[in-house]
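# Coordinate analysis (summary)
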Amino acid sequence: MSRQLRYIGSNSGNNGCPTLYEDVETGDVLVQGIAVTDPDEVAQLRNIKPSEGFVMVPRVLLADFSPRDVDREPVMIGFDEFDGMFESFQHTAFRLETRRRYHSDERTETYRRFNAGQPVGWDLDDPWCRSRREQAAMGKRFERVRIMDNPPTPGQRYLLDNAERNCAVGEDIRYLWRANADRLRLPGEDTWLFDSRVIALLHFDVDDELTGVELITDPVQVARACQVRDAAWHFATPYRAFSAEVPSGM
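Quick summary incoming for the structure in this document. (Residues numbered from 1 in each chain as written. Predicted model: local features only at pLDDT ≥ 70, side-chain atom pairs only at ≥ 80, totals over all residues. Heavy atoms only, no water.)

### A word on the sheet that holds strand β12 (residues 210–216)
Sheet architecture is open: eight strands sit in the order β6-β12-β11-β10-β7-β8-β9-β13, paired in mixed fashion. A strand with exactly one partner marks an edge of an open sheet, and here the two such strands are β6 (75–77) and β13 (237–238). With four bridges connecting them, strand β10 (residues 191–194) and strand β11 (residues 198–204) associate as antiparallel partners. Across the sheet, the residue bridging to Leu-193 is Ile-199, located in β11. Along the sheet, helix α3 (residues 79–88) makes contact with β6, β8 (141–148), β10, β11 and β12, crossing β12 at roughly 60 degrees. On top of the sheet, helix α6 (residues 154–168) reaches β7 (92–97), β8 and β9 (171–177); it is set at about 165 degrees to β8, its chief contact. (Pairing = 2+ DSSP bridges. Helix = DSSP H or I, 4+ residues; strand = E, 2+ residues; numbered from the N terminus. Contact = heavy atoms within 4.5 Å. Axes fitted to C-alpha atoms, helices over the stretch in contact; angles between N-to-C directions.)

Set out below in structure tokens:
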């Protein structure tokens, strides 16, 4: 069975090698580089097996992209500290929103009205909206790519309606059908990426309740998250155009 490889990184630009890849299942690293074939050089190597080959890679590639310690203790933060990140970040806050349901939404009055087919009546002057407007006025960018199933779940339809409110206070929201996200091999984790340097990985329980927030600053994982963001943003559709594609289910 063929390995499923995930691109890690390269310092050779858009063309050529050297490049690192990761085996999605095992975490093993595959190295792409210039083949070493000179007999005198190969003779200096030890314990060569018939199936082995050899490549040269710059030391800086390994320094920049080689996976570090995989046994790190997770860094968990409280919800108050997480909320504070939406004002303390400097430039960009990007959300990859992957779940089919968020239990916290279903406890709101807006969800009840939406589910009953009534006008939602979004409050554009509540504390959350005021904070978003203030940060956006400072030039900070809030961006989301939401993954939607076909047919959409009730929670996903609610958030599609919610996109009008979020964009009115400074967010930019795009959508991808899940089949397209799977073709792009986007991860299933629900995350925020702040300033292209720190990941906030959201943890949920079996009832779709948010239980914790894990901070990740490992350079390899952050670089991968930036690649995921760029791919998702490029292929996603602005929410108003996407909304026209969604079959009516209400």
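After that view of the structure, there is still more to cover.
### Let's talk about the packing of aromatic side chains
Tallied over the entire structure, the rule returns 13 aromatic pairs. On the basis of an interplanar angle of 75 degrees and a centroid distance of 5.2 Å, the ring pair of Phe-86 and Phe-194 is categorised as edge-to-face. Highlighted residues: Phe-86 in helix α3 and Phe-194 in strand β10, separated in sequence by 108 residues. The class for Phe-194 is buried, based on a relative accessible area of 1%. Considering the side-chain rings of Trp-192 and Phe-194, the 6.0 Å spacing of their centres and the 20 degrees angle between planes classify their relative orientation as stacked. In this pair, the class of Trp-192 matches that of Phe-194, namely buried. Here Arg-99 stacks its cationic end above the ring of Phe-204, 4.1 Å away from the centre of that ring. Above the plane of the ring of Phe-89 lies Lys-140, whose end atom (NZ or CZ) is 4.9 Å from the centre. (Phe/Tyr/Trp six-rings, centres within 6.5 Å; stacked < 30°, edge-to-face > 60°. Buried < 20%, exposed > 50% of the residue type's maximum accessible area, 1.4 Å probe, protein only. Lys NZ or Arg CZ within 6 Å of the ring centre and 35° of its normal.)

### Things to note about the pattern of salt bridges
Inspection of every chain in the model, using the stated rule, returns 22 salt bridges. Residue Arg-113 is joined to Glu-109 by a salt bridge in which the shortest nitrogen-to-oxygen separation is 3.5 Å. With Arg-113 and Glu-109 both in helix α4 (residues 109–115) and four residues apart, this pair spans about one turn of that helix. Here the salt bridges do not stand alone but share partners, grouping Arg-95, Glu-97, Arg-132, Arg-144, Arg-146, Glu-171 and Asp-190 into one network. (Salt bridge = Lys/Arg side-chain N within 4 Å of Asp/Glu carboxyl O.)

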